[in-house]
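For reference, the chains in residue letters:
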Amino acid sequence: MSALSTITDFAWRRLGAALPHSARFARESVLPLWRWYLAGTAAVLLTNWLSVEVPSLMASALDKLRAGQPGAGRDAAWIAAIGLGVIVVRTLSRVWFFTPGRLAETQLRERFFTHLLRLQPGFYARYPTGDLLSRATADVTYARALAGFALLQACNVVGALGFGTWKMLTMSPILTLAVAAPCVLAFTGMSFATRRLMALQRITQKQLGLLADELLSTFQGVATVQAFCAEATFADRLDGRAGDLRASNLEMARIRALAFPLLSIAGGAATWGLLAFGGSAVNAGTLSPGQLAAFIALVGYIVMPMRMLGWLLPVFQRAEASLERIHLVLDEPEDRPDGASPLPAPTTAPSIELRHLSFRSRLTDVSATLPAGATVGVYGPVGSGKSTLLRVLARLENPPPGTVFVNGVDVLHLDLDAWRASVCVVTQAPFLFSETIEENIGFGATREAVSAAAAAAALGPDLDALPDGLDTVVGERGISLSGGQRQRVALARGLLRPATVVLLDDVLSAVDHHTEQELLATLRARPDATRVIVSHRLSALVHTDLILVLDEGRLVDQGPHAALVQRPGPYRDAWEAQAAAFAAGAGQAEATA
């Protein structure tokens with residue numbers, strides 16, 4: 001047992017050094033299914049043992065026929081029986097290899113997708129969507145090819161070469177060496193080619209991800225591309241990505257065209273050596289004609305597995321490159337500073353305190369207190385840090401320790417999932433799925449609850465105008481809806497949740513004044529939540545309890561609306577400008593009427 005353990009450890013170390021990501025995949029996904037693979041390996045080995053027995057029976061039958069001895073018919077019957085047995089056992093071997101391959105693929109896909117859902121927004125800022133899609137589809141498919149067909153064929157190659165070589169050695173060691181010499185030379189030449197192919201596989205996988213991302217972004221923005229007549233520009237960009245991938249694939253094809261035929265050439269050279277040396281042995285009487293025929297059959301039997309190596313090596317290389325890309329994502333930390341024993345999130349409207357909050361270059365030394373249950377407005381010019389502040393409060397991006405406190409507790413100590421479940425975030429550019437309005441709002445909620453949330457978000461008149469109401473499919477990213485309708489669908493989605501903190505990022509910018517006041521009244525009617533409203537339109541902030549004024553990431557003023565309009569500053573300037581514009585618009589409307 002100790003000797004077996006030592007051999008196993010040595011094999012794992014060698015595999016880990018040559019193909020580290022494939023070895024890891026084997027430990028995590030293949031070894032738990034060892035019973036399937038053990039049965040499949042036994043079936044493959046039995047298939048090859050039975051197959052190499054056929055040339056021996058054929059040699060016996062030929063020699064008996066040549067000598068006029070009885071028994072050739074019995075040998076032929078055994079050959080037929082073995083042929084039927086090989087069919088059955090070979091079929092079972094495929095079932096016992098392909099099934100765990102699919103199971104390993106399923107397990108890897110589930111791990112990959114589950115981990116993606118746990119990763120924070122900062123990760124997605126570094127990895128393009130198309131690249132992640134390529135990893136989740138093409139790369140996982142190559143991993144499945146490794147766990148299924150590649151392992152089956154690798155076991156088949158080992159079995160065929162092992163049993164075939166053993167059978168040939170029992171007939172003639174000299175002829176076996178003559179056959180093996182060109183094969184060794186071919187494998188030596190292949191080893192040099194595989195190193196370059198491995199590097200090219202990594203390059204092509206990365207290029208494939210870039211191409212997928214280019215396609216995805218172009219499809220998603222096709223309306224913009226067409227509006228600006230930029231089809232030629234995007235076609236050129238796509239041609240560049242595809243050209244890079246084509247160049248790499250062509251280089252790999254050239255290497256394969258030069259290197260992989262060595263195995264076929266080695267098979268031909270082995271046959272030539274067999275005929276040259278075997279014919280002399282038959283003439284000398286040291287080898288019977290039947291044995292020479294069996295030898296030729298065995299060489300033909302092992303030539304096919306040797307050619308299969310030319311297919312297997314790229315599969316292992318591509319799977320290694322694919323698994324490396326998959327493991328890069330799986331090894332990404334979840335960035336959860338709440339630790340193993342996080343504190344529960346508040347169940348009632350909390351107070352929120354900012355203590356000298358600085359976040360990257362977007363917020364600088366911001367200090368403020370948001371009372372529990374209050375409605376707090378945030379105003380500032382473009383790029384002043386308003387959206388960043390909301391992202392930090394929602395922990396879509398984690399703030400520095402000791403800068404954001406909820407009911408006196410550092411927000412980083414709260415359970416991240418529970419905190420997000422208690423926070424409703426509606427962004428300025430909400431994302432809608434290509435589903436119905438009901439599915440975009442409810443996420444599985446009852447139709448009655450969805451209808452109530454839609455009414456609270458002032459969506460009622462819009463739903464009446466739509467042909468299918470809540471069952472209207474909104475299209476990719478909600479393209480069939482107007483900007484205001486998309487914002488109100490997202491707002492309804494947020495209002496449906498029993499949140500204790502409501503964060504609205506300029507969601508009223510695309511609605512008229514009357515609808516704006518309806519929505520504000522709805523929000524103020526929720527006393528069970530602390531509300532933070534970001535808005536460029538100051539009419540939305542008039543009735544808030546507190547307004548924070550940001551400029552270039554700094555808090556330059558704060559207070560209620562009545563106090564802010566009384567003292568000089570960016571808020572009063574903006575209020576006077578918007579009031580003048582509103583008065584001018586109203587006067588023009590009266591003149592037109």
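Because the structure is a prediction, the values reported are computed rather than measured.

### Digging into the overall build of the protein chain
Thinking step 1. Per the secondary structure count, the protein chain includes 20 helices and 10 strands.
Thinking step 2. Taking 593 residues into account, the globule formula puts the C-alpha radius of gyration at 25 Å, and the protein chain, at 36 Å, lies well above it.
Thinking step 3. With respect to the principal axes defined by its C-alpha atoms, the protein chain has extents near 120 × 55 × 45 Å.
Thinking step 4. Expressed as a percentage of the 593 residues in the protein chain, the buried residues total 44%.
Thinking step 5. By sequence separation, contacts in the protein chain at least 24 residues apart represent 77% of the contacts at least 6 residues apart.

### Describing the packing of aromatic side chains
Thinking step 1. Evaluation of the coordinates by the stated rule reveals seven aromatic pairs.
Thinking step 2. Ring centres 5.0 Å apart and planes at 85° place the aromatic pair Phe 123 and Tyr 124 in the edge-to-face group.
Thinking step 3. Measuring from centroid to centroid gives 5.1 Å for Phe 431 and Phe 433, while their planes differ by 80°, and the two rings are edge-to-face.
Thinking step 4. Under the relative-accessibility criterion, Phe 433 is labelled partly exposed at 40%.
Thinking step 5. The rings of Phe 123, Tyr 124 and Tyr 127 are connected pair by pair, giving a single aromatic cluster.
Thinking step 6. Directly above the ring of Phe 234 sits Arg 237, whose terminal nitrogen or CZ lies 4.7 Å from the centroid.
Thinking step 7. In this structure, Arg 355 is placed above the aromatic ring of Phe 405, and the distance from its NZ or CZ to the ring centre is 3.7 Å.

### What about the domain arrangement of the protein chain?
Thinking step 1. Split into domains, the protein chain comes out as domain 1 (18-331) and domain 2 (352-567).
Thinking step 2. For domain 1 and domain 2, the distance between their C-alpha centroids amounts to 55 Å.
Thinking step 3. Taken together, the four residues of domain 1 in the interface contact eight residues of domain 2.
Thinking step 4. Summed over the shared surface of domain 1 and domain 2, the result is one salt bridge.
Thinking step 5. Across the pair Asp 417 and Arg 118 runs a salt bridge whose closest N-O atoms are separated by 3.1 Å.
Thinking step 6. Its residues assigned to classes, the side of domain 1 that touches domain 2 shows one nonpolar, two polar and one charged.

### Points about helix α9 (residues 231-259)
Thinking step 1. Counted at 1.5 Å a residue, the expected span for α9 with its 29 residues is 42 Å, and the 41 Å between its end C-alpha atoms agrees.
Thinking step 2. Along α9, the residues classified as buried are Gly 243, Leu 245, Ser 248, Met 252, Ile 255 and Ala 259.

### Concerning the sheet that holds strand β7 (residues 501-505)
Thinking step 1. Taken together, the six strands give an open sheet; going across it, the order is β6-β7-β8-β3-β9-β10, and neighbouring strands pair in mixed fashion. Across the chains shown, the open sheet's two edge strands, defined by having one partner strand only, are β6 (423-426) and β10 (554-559). Put simply, the sheet's adjacent strands are angled 15° from each other on average, direction ignored.
Thinking step 2. Bridge count for β6 against β7 is four bridges, and the pairing is parallel. Bridging from a neighbouring strand, Val 423 pairs with Val 501 of β7.
Thinking step 3. Helix-sheet contacts for helix α12 (residues 386-393) involve β3 (375-379), β7, β8 (530-534) and β9 (546-551), and the interaxial angle to β7 is about 155°.

### A closer look at a nonpolar patch on the surface
Thinking step 1. A surface patch of nonpolar side chains, amounting to about 250 Å² of accessible area, comprises Trp 36, Val 95 and Leu 103.
Thinking step 2. The residue Val 95 is located in helix α4 (residues 72-118) in this model.
Thinking step 3. In this structure Val 95 comes out as partly exposed when scored by relative accessible area, which is 40%.

### Notes on the side chain of Thr 388
Thinking step 1. Here Thr 388 shows up in helix α12.
Thinking step 2. For Thr 388, a relative accessible area of 8% puts it in the buried group.
Thinking step 3. When residues no more than four places from it in sequence are discounted, the contact partners of Thr 388 are Phe 359, Arg 362 and Leu 363.

### Describing the pairing of β9
Within a regular strand, the side chains alternate between the two sheet faces.
Thinking step 1. Counting buried positions over the six residues of β9 gives five, a clear majority of the element.
Thinking step 2. Of the pairings in the sheet, the one linking β3 to β9 comprises four bridges and is parallel in character. Residue pairing for β9: Val 378 is matched across the bridge by Leu 548.
Thinking step 3. With five bridges joining them, β9 and β10 adopt antiparallel strand pairing. Residue pairing for β10: Leu 548 is matched across the bridge by Gln 558.
Thinking step 4. Linking β9 to β10, which pair antiparallel, is a turn of two residues; within it Glu 552 sits at a positive phi near 55°.

### Some thoughts on the packing of helix α3 (residues 34-67) against helix α6 (residues 129-171)
Thinking step 1. Between α3 and α6, whose axes approach to 9 Å, the crossing angle comes to 35°. Our pair here, α3 against α6, has a crossing hand that is right-handed. Between α3, through Tyr 37, Thr 41, Val 44, Leu 45, Asn 48, Trp 49, Val 52, Glu 53 and Ser 56, and α6, the contact on the second element is made entirely by Ala 147, Leu 151, Leu 152, Cys 155, Asn 156, Gly 159, Ala 160, Phe 163, Gly 164, Trp 166, Lys 167 and Met 171.

Calculation notes
- Residues numbered from 1 in each chain as written.
- Predicted model: local features only at pLDDT ≥ 70, side-chain atom pairs only at ≥ 80, totals over all residues.
- Heavy atoms only, no water.
- Helix = DSSP H or I, 4+ residues; strand = E, 2+ residues; numbered from the N terminus.
- Rg over C-alpha atoms; globule rule 2.2 N^0.38 Å.
- Buried < 20%, exposed > 50% of the residue type's maximum accessible area, 1.4 Å probe, protein only.
- Contact = heavy atoms within 4.5 Å.
- Phe/Tyr/Trp six-rings, centres within 6.5 Å; stacked < 30°, edge-to-face > 60°.
- Lys NZ or Arg CZ within 6 Å of the ring centre and 35° of its normal.
- Domains from an automatic or database assignment.
- Salt bridge = Lys/Arg side-chain N within 4 Å of Asp/Glu carboxyl O.
- Nonpolar A, V, L, I, M, F, W, Y, C, P; charged D, E, K, R; others polar.
- Expected span 1.5 Å × (residues − 1).
- Pairing = 2+ DSSP bridges.
- Axes fitted to C-alpha atoms, helices over the stretch in contact; angles between N-to-C directions.
- Patch = residues over 30% accessible without salt bridge, like charges linked within 9 Å, V, L, I, M, F, W, Y side chains within 5 Å.
- Areas by Shrake-Rupley, 256 points an atom, 1.4 Å probe, with all protein chains shown as cover.
- Left-handed = near helix turned anticlockwise from the far one by under 90°.

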